[in-house]
Amino acid sequence: IMTAPKTLSRENFFRELREKTSFYHTQLEETELSRAILKEEISLDDYRNYLKAMYAFEKPFEDFYFPVLEKVFTDISRRRRAQDIEKDLIALKASGETSLEVFEPSEIKLDKAVGAMYVMQGSSLGGRMILKHVNKFLGLDLESGAAYFHGYGAETGKLWTSFLDEMWSFAENNPKQHEIIEGAVETFKKMCERFSRQEIYAV
């Protein structure tokens, strides 16, 4: 007789999620694009290229995943951020096309989508540090090209906590907790691959 996998406690679930994604999280931070925007000699081209790479991921993710994820996250419409990148690219007079990631609607499974959302929302936390950096070295702010990294502003911490609460409500009695974690791992892998492509350096 097959039995369903034992579900993890909240503490163990998030611990395993962090442990399974930590390697790829580090890999993403080590890509040339990620390192470039935290250098003191950061250039506008470096910054534009980072935004383009992020937009290539964020825009199709929101288009295809958000309609599925609204079943889990009550305030998902507030969590759209691609529009902020569009605003920034216009402010920075970024030219050239950016090829978007291909997310086929038929591929989307809710469990993995929730894990992917963990990665996308987590980027809002690191964004606060990048905002201070680009403000100091490029003079950019909310209105002049740093809307994306401004994120949810003073609400960032509160929204992250509420996100984790709703994520756990979904995962708590879910026999496919491993699928949620795998969705996060796969998303980090895809982002590492996207951020490592040379083509995105053309501005």
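You'll find the structure just up there.
Rules behind the numbers
Residues numbered from 1 in each chain as written. Predicted model: local features only at pLDDT ≥ 70, side-chain atom pairs only at ≥ 80, totals over all residues. Heavy atoms only, no water. Helix = DSSP H or I, 4+ residues; strand = E, 2+ residues; numbered from the N terminus. Rg over C-alpha atoms; globule rule 2.2 N^0.38 Å. Contact = heavy atoms within 4.5 Å. Areas by Shrake-Rupley, 256 points an atom, 1.4 Å probe, with all protein chains shown as cover. Lys, Arg positive; Asp, Glu negative; His and termini not counted. Charge placed at Lys NZ, Arg CZ, Asp CG, Glu CD. Buried < 20%, exposed > 50% of the residue type's maximum accessible area, 1.4 Å probe, protein only. Axes fitted to C-alpha atoms, helices over the stretch in contact; angles between N-to-C directions. Parallel < 35°, antiparallel > 145°, perpendicular 65-115°, else oblique. Left-handed = near helix turned anticlockwise from the far one by under 90°. Nonpolar A, V, L, I, M, F, W, Y, C, P; charged D, E, K, R; others polar. Core = buried A, V, L, I, M, F, W, Y, C linked by side-chain atoms within 4.5 Å.

A. Expanded view of the overall build of the protein chain. Counting its secondary structure elements, the protein chain contains eight helices and zero strands. Listing every helix and strand of the protein chain by position from the N terminus yields α-α-α-α-α-α-α-α. Over its C-alpha atoms the protein chain spans a radius of gyration of 17 Å, differing by no more than 12% from the 17 Å that the globule rule assigns to 203 residues. Overall size of the protein chain, expressed as C-alpha extent along the three principal axes, is 60 × 35 × 30 Å. Across the protein chain, every contact between residues at least 6 apart in sequence was considered, and the portion connecting residues at least 24 apart equals 84%. When the accessible area of the protein chain is evaluated, it comes to approximately 10,700 Å², of which 51% is carbon and sulfur surface. Here the protein chain holds 28 positive side-chain charges and 34 negative ones, and the gap between their average locations is 2 Å.

B. Just unusual backbone geometry, in detail. For Lys93, which is not glycine, the phi torsion reads 55° and is therefore positive. Turning to its location among the elements, Lys93 is positioned in the loop between helix 4 (82-91) and helix 5 (110-138). Classification of Lys93 as exposed rests on a relative accessible area of 71%.

C. Representation of the packing of helix 3 (residues 44-69) against helix 4 in the model. Following both chains from N to C, one finds helix 3 and helix 4 inclined at 150°, their axes separated by 9 Å at the closest point. Between helix 3 and helix 4, the angle falls in the class roughly antiparallel. Every pair of crossing elements has a handedness; the one defined by helix 3 and helix 4 is left-handed. Contacts from Tyr47, Arg48, Leu51, Lys52, Met54, Tyr55, Glu58, Lys59 and Glu62 of helix 3 reach helix 4 at Ala82, Ile85, Glu86, Asp88 and Leu89. When the residues that make up the contact of helix 3 with helix 4 are grouped by side-chain class, the tally is seven nonpolar, no polar and seven charged.

D. Just the nonpolar core, in detail. Phe13, Tyr47, Leu69, Phe73, Tyr118, Phe149 and Met167 are the most contacted members of the largest nonpolar core, which totals 54 residues. Of all elements in the fold, only helix 1 (10-29), helix 3, helix 4, helix 5, helix 6 (147-150), helix 7 (156-171) and helix 8 (177-195) reach the threshold of two or more residues within this core. Sort the elements by how many residues they give to this core and helix 3 lands first, with twelve residues. Leu69 has contacts with Phe61, Ile76, Leu110, Ala113, Val114 and Met117, leaving out every residue within four places of it along the chain.

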